[in-house]
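So you can see what is in the structure, the chains are spelled out below.
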Amino acid sequence: MRPFHCTWIDEDLRIFSESINKFIDQEIEPYYEAWEHDAWMPREIWNKLGEAGLLCVDIPEQYGGFGVDFKFAALINDIFYRRGVGAIAGGGIAVHAGIVAHYINNMGTEQQKLTYLPKMASGEYVGAIGMTEPGVGSDLKALKTTAKKVDGGYIINGSKTFISNGQHCDIVVLACRTGTKDSAKGISLFIVESKLDGFIKGKKLSKLGIHCQDTSELFFDDLFVPDNALLGPLNGGFISMMEELPRERLMLAISGQAAAEGMLDITVDYVKDRNAFGQRIADFQNTRFKLAELASKVRVQKAFVDQCVTLLANNKLDAVTASMAKLNTSELQGVVADECLQFFGGYGYMTEYRIAREFVDARVQRIYGGTSEIMKEIISRELLKD
């Protein structure tokens, strides 16, 4: 939104923003509505994202990235959501480049980095993260997928669900139980290639929103991975996941913030052009006051999100602050979606209108990456600890 420009944008980022917008203009926006209708994004878009330099930008140059700081990755997420094409960025780019690539970069061996990161940066490989299981959501300590040690490697059995990029994925960073049952100390991470025997891609799940984003079930049936597939220390996966969650949750906060700004933008334009009872909708006091309230809340929130972006860029963002950002932005995104849709009247309920897509897309923000209730639990524990 014009008054809400990111405070951390410098000249390099401004130039980069032009490249992002140009890519959306040429490769995303003309096709996005059809992709949403078909509930499918073509696989080749990943290669185009890689060719355009929009994948793994903050990964070191020797592994295929640009070696820039987090702000460049944040800007990609911001612009895609601000432009109303967030399904490509949130569950797609952000998972692939913002989560999976950083697990490998931060915890992988040199060989793992050289094997996977350049292919992820080019779009040759698509990455997914395998944590959530049927019956096991935010409580990662309770996961049941197992990796049992055998000569030369591990045998993996189990299943995962709600996996972003699950159909397109070539590799999955997979959380498995390798130790004590129902304990955080018994979880390990593995890099698992989808071409392996025993890796089964289940059905693509039908979702309330973000339709073109690929979300699937995955199954593992006596799948063998070699010893060098272990990512990070054995039985150290839970700590590793906790260390990466602030980044993931801030990316969700950036998404929610940008989406709210984008919705306000299109709503302001709509109420200026639409008439009712002989005057513009913008001329009704209720319209002016309601938009003023929403814009004020979003603007105040913007200052906090921008602060968090700067903190993470300087490796100073803690888990509690990231949880506050994720909680507040996702909740406000839902409010803005609901209030803005109301100004569109019956047209707001029609799926060809962007506001309708924004409304259903906003709902998952309060669920994935840790529910709002989990965010409140994390924040309250810090507030109330002795």
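Now for a quick tour of the structure. The model shown is predicted, which means the values in this text are computed figures rather than measured ones.

Rules and cut-offs
Residues numbered from 1 in each chain as written. Predicted model: local features only at pLDDT ≥ 70, side-chain atom pairs only at ≥ 80, totals over all residues. Heavy atoms only, no water. Bend = angle between axes of the 7 residues up to and from the residue. Helix = DSSP H or I, 4+ residues; strand = E, 2+ residues; numbered from the N terminus. Buried < 20%, exposed > 50% of the residue type's maximum accessible area, 1.4 Å probe, protein only. Patch = residues over 30% accessible without salt bridge, like charges linked within 9 Å, V, L, I, M, F, W, Y side chains within 5 Å. Areas by Shrake-Rupley, 256 points an atom, 1.4 Å probe, with all protein chains shown as cover. Salt bridge = Lys/Arg side-chain N within 4 Å of Asp/Glu carboxyl O. Pairing = 2+ DSSP bridges. Core = buried A, V, L, I, M, F, W, Y, C linked by side-chain atoms within 4.5 Å. Contact = heavy atoms within 4.5 Å. Phe/Tyr/Trp six-rings, centres within 6.5 Å; stacked < 30°, edge-to-face > 60°.

Bending of helix α4 (residues 86-107) peaks at approximately 50 degrees at the position of Ala 94. Along α4, 21 of the 22 residues are buried, which leaves the element largely enclosed by surrounding structure.

A contiguous nonpolar surface patch, about 360 Å² in accessible area, is contributed by Tyr 347, Tyr 349 and Met 350. Given the relative accessible area of 37%, Tyr 347 is considered partly exposed.

Relative to strand β3 (residues 153-164), strand β2 (residues 146-150) runs antiparallel, the two being bridged by five bridges. Across the sheet, residue Lys 149 finds its bridge partner in β3, namely Tyr 154. Here β2 folds back onto β3, and the loop between the two strands holds two residues, one of which, Gly 152, carries a positive phi near 85 degrees. Of the strand pairs in this sheet, β3 and strand β7 (residues 215-226) are connected by nine bridges, and their pairing is antiparallel. Note on β7: the bridge partner recorded for Gly 158 is Phe 220.

In terms of nonpolar packing, the biggest core is built from 102 residues, with Ile 28, Phe 80 and Tyr 103 touching the most fellow members. With 14 residues, helix α6 (residues 237-273) is the largest single contributor of residues to this core. Excluding residues that lie within four positions of it along the chain, Ile 28 makes contacts with Phe 23, Trp 35, Ile 45, Phe 80, Val 85 and Ile 88. By size, the runner-up hydrophobic cluster in this structure holds 18 residues, among which are Cys 169, Phe 190, Leu 218 and Leu 223.

We describe a pair of aromatic rings using the distance from one ring centre to the other and the angle between the two ring planes. The final tally for this structure, using the stated rule, is eight aromatic pairs. Between the aromatic rings of Phe 16 and Phe 72, the centroid separation amounts to 5.5 Å while the plane-to-plane angle is 50 degrees, which identifies the pairing as tilted. Of this pair, Phe 16 sits in helix α1 (residues 11-38) while Phe 72 is found in helix α3 (residues 70-82), placing the two residues 56 residues apart along the sequence. The same class applies to Phe 16 as to Phe 72, namely buried. Arranged with centres 5.4 Å apart and planes meeting at 40 degrees, the rings of Tyr 347 and Tyr 353 form a pair that is tilted. Judged by relative accessible area, which is 25%, Tyr 353 ranks as partly exposed.

What follows is about the pattern of salt bridges. Across all of its chains, the model carries 21 salt bridges by this definition. A salt bridge links Glu 193 to Lys 195; its shortest N-O distance comes to 3.3 Å. Take Lys 195: its relative accessible area is 65%, and that puts it in the exposed class. Two residues, Lys 302 and Asp 306, come together in a salt bridge whose shortest N-O distance is 3.4 Å. Separated by four residues within a single helix, Lys 302 and Asp 306 lie in helix α7 (residues 285-313), roughly one turn from each other. When sorted by exposure, Lys 302 lands in the same class as Asp 306, which is buried. Salt bridges sharing common partners tie together Asp 78, Arg 82, Glu 261, Lys 302 and Asp 306.

To continue, consider unusual backbone geometry. Note: most residues except glycine have negative phi, and most peptide bonds are trans. Positive phi, close to 65 degrees, is recorded for Asn 235, a residue that is not glycine. Looking at where Asn 235 falls in the secondary structure, it is placed in the loop between β8 (230-231) and α6. Classification of Asn 235 as partly exposed rests on a relative accessible area of 30%. One non-glycine residue with positive phi stands out, namely Asn 315, at about 60 degrees. With respect to the helices and strands, the residue Asn 315 is situated in the loop between α7 and α8 (319-343).

Turning to the environment of Ala 356, a few remarks are in order. Mapped onto the secondary structure, Ala 356 falls in helix α9 (residues 354-363). Residue class for Ala 356 comes out buried when judged on its relative accessible area of 10%. A C-alpha to C-alpha distance of 20 Å links Ala 356 and Asp 78, two positions 278 residues apart in sequence. Contact partners of Ala 356, with chain neighbours within four places excluded, come to Leu 341, Gly 348, Tyr 349, Met 350 and Thr 351.

With respect to the secondary-structure elements, Gly 334 resides in helix α8. Owing to a relative accessible area of 15%, Gly 334 belongs among the buried residues under this scheme. Sequence separation of Gly 334 and Ser 122 is 212 residues, and the distance between their C-alpha atoms is 34 Å. Apart from residues no more than four positions distant in its own chain, Gly 334 is found in contact with Ala 362 and Arg 366.

Tracing the backbone shows Leu 327 in helix α8. For Leu 327, a relative accessible area of 16% puts it in the buried group. Residues Leu 327 and Gly 64 lie 263 residues apart in sequence; the distance between their C-alpha atoms is 33 Å. Those residues in contact with Leu 327, other than ones at most four positions away along the chain, are Ser 372, Met 375, Lys 376 and Ile 379.

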